[in-house]
Amino acid sequence: MIRVTGLTKDYGSRRAIHDLDFNARKGEILGFLGPNGAGKTTTMRILTGYMPPTSGTATIGGFDIIENSLDVRRITGYMPETVPLYVDMTVSEYLLYMARLRHIKNADERVKKVLDMVELGDRANGYIGNLSKGMRQRVGLGQALIHEPEVLILDEPTIGLDPAQVVNFRNLIKDIGKDRTVILSTHILPEAQQVCDRVMIINKGRIVAEDTPEMLQARLTGSQRVTLQVRGDGRGLPELLSQIPGVLHVVDKDGGSYEFETLPGQDCRPQVARTVVDHGYDLLLLQPVNLSLEEIFLQLTRDESSAADAMPELNSMLEAK
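Residues numbered from 1 in each chain as written. Predicted model: local features only at pLDDT ≥ 70, side-chain atom pairs only at ≥ 80, totals over all residues. Heavy atoms only, no water.

Draft legend 1. Here's a closer look at the overall build of the protein. Scanning the protein from N- to C-terminus turns up twelve helices and 14 strands. When the 321 residues of the protein are sorted by exposure, 48% land in the buried category. Restricting to contacts in the protein with at least 6 residues of sequence separation, those with at least 24 account for 68%. Total accessible area computed for the protein in this model is approximately 15900 Å², and 48% of it derives from carbon and sulfur atoms. (Helix = DSSP H or I, 4+ residues; strand = E, 2+ residues; numbered from the N terminus. Buried < 20%, exposed > 50% of the residue type's maximum accessible area, 1.4 Å probe, protein only. Contact = heavy atoms within 4.5 Å. Areas by Shrake-Rupley, 256 points an atom, 1.4 Å probe, with all protein chains shown as cover.)

Following this line, the structure appears as structure tokens:
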């Protein structure tokens, strides 16, 4: 549904995005992650026709974003981080206005459906200027959905929502993504892990990782981290564990809990379990600790050199698959 090739954007002498290549399929929610200034919003603005790229191409639904800009806009819904709302309009007046701008037939019926989708039916006659930030976000999503787009691009959609609203919003996005292509930009990493089918991490205008959250965890964890817990204080246990071949960096977490790493490709848990039991400790827990999406994100974006170092490792792993 979305195909991007060599997309590059320069602002004078500064390059905001550099040679981006990625695809997004129908029925897929693609998470777009990166620190501030990484190029996420620039990419979204290019895809939605807000600005042209310096070079490269992109198509949405088979339409070129430059040559067929109007066709792209007809099938794309966009919710920017700061939605331009008319605060002196009621919610229903605003959505009806947006529907008529897009020449939607039976606009009144469509507005009612969208109000139900974004759970604003009880605020339909309330002025937008009197709404909370979270409610305004829902209005912004409503205008993005008003024309039933095939592609939905959302820039930080859950900012300003309370915890209960966030859960409802995430469920709504997952439901919307069943029959649409959704690109979701977010700084809330657990949100991407819970909502997105695939994540793309961008740093300093370049894609540094792209896969499902689960595959990113597997591909970037060369060594395995393991949590161990025994009954009591486990005095003397770190020294015993350090003597097991392949066990590295034993850390005492207090209260009989420990964490250690293993050499890449080695599963030392059987040897660890035997050592613990043979030396009279009561084994309560022995399980691997996966890298969270947040840890992966920080590893790949903490500085330019780390992102550059990660790319050869990712490429070699991909080639080995």
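Draft legend 2. Structural context of the pattern of salt bridges. The full count for this structure, using the stated rule, is 14 salt bridges. Here glutamate 28 makes a salt bridge to arginine 198, at a shortest N to O gap of 2.7 Å. Of this pair, glutamate 28 sits in the loop between strand 2 (14-24) and strand 3 (29-33) while arginine 198 sits in strand 9 (residues 198-203), and the two are 170 residues apart along the sequence. The residues glutamate 28 and arginine 198 share a single accessibility class, namely buried. (Salt bridge = Lys/Arg side-chain N within 4 Å of Asp/Glu carboxyl O.)

Draft legend 3. Broad picture of the pairing of strand 6 (residues 76-79). Alternating positions in strand 6 separate into two faces, Thr76 and Tyr78 on one and Gly77 and Met79 on the other, with burial throughout. In terms of strand pairing, strand 6 meets strand 7 (residues 151-155) through four bridges, oriented parallel. By the bridge assignment, glycine 77 is partnered in strand 7 with leucine 152. (Pairing = 2+ DSSP bridges.)

Draft legend 4. Representation of helix 5 (residues 133-145) within the structure. With 13 residues, helix 5 ought to run about 18 Å at 1.5 Å a step, and its terminal C-alpha atoms sit 19 Å apart, in line with that. Among the 13 residues in helix 5, eleven count as buried, and that is most of the element. Gly134, Met135, Gln137, Arg138, Val139, Gly140, Leu141, Gly142, Gln143, Ala144 and Leu145 are the residues of helix 5 that are buried. Of the surrounding elements, those touching the buried residues of helix 5 are strand 6, helix 3 (91-101), helix 4 (107-117), strand 7 and helix 6 (163-176). (Expected span 1.5 Å × (residues − 1).)

Draft legend 5. Examining the environment of glutamate 210 more closely. Tracing the sequence through the fold places glutamate 210 in strand 10 (residues 206-211). For the pair formed by glutamate 210 and arginine 198, sequence separation is twelve residues and the distance between their alpha carbons is 7.3 Å. Side-chain polar atoms of glutamate 210 contact the side chain of arginine 198, separated by 2.3 Å. (Polar contact = N/O pair within 3.5 Å; in protein donor to acceptor, adjacent residues only side chain to side chain.)

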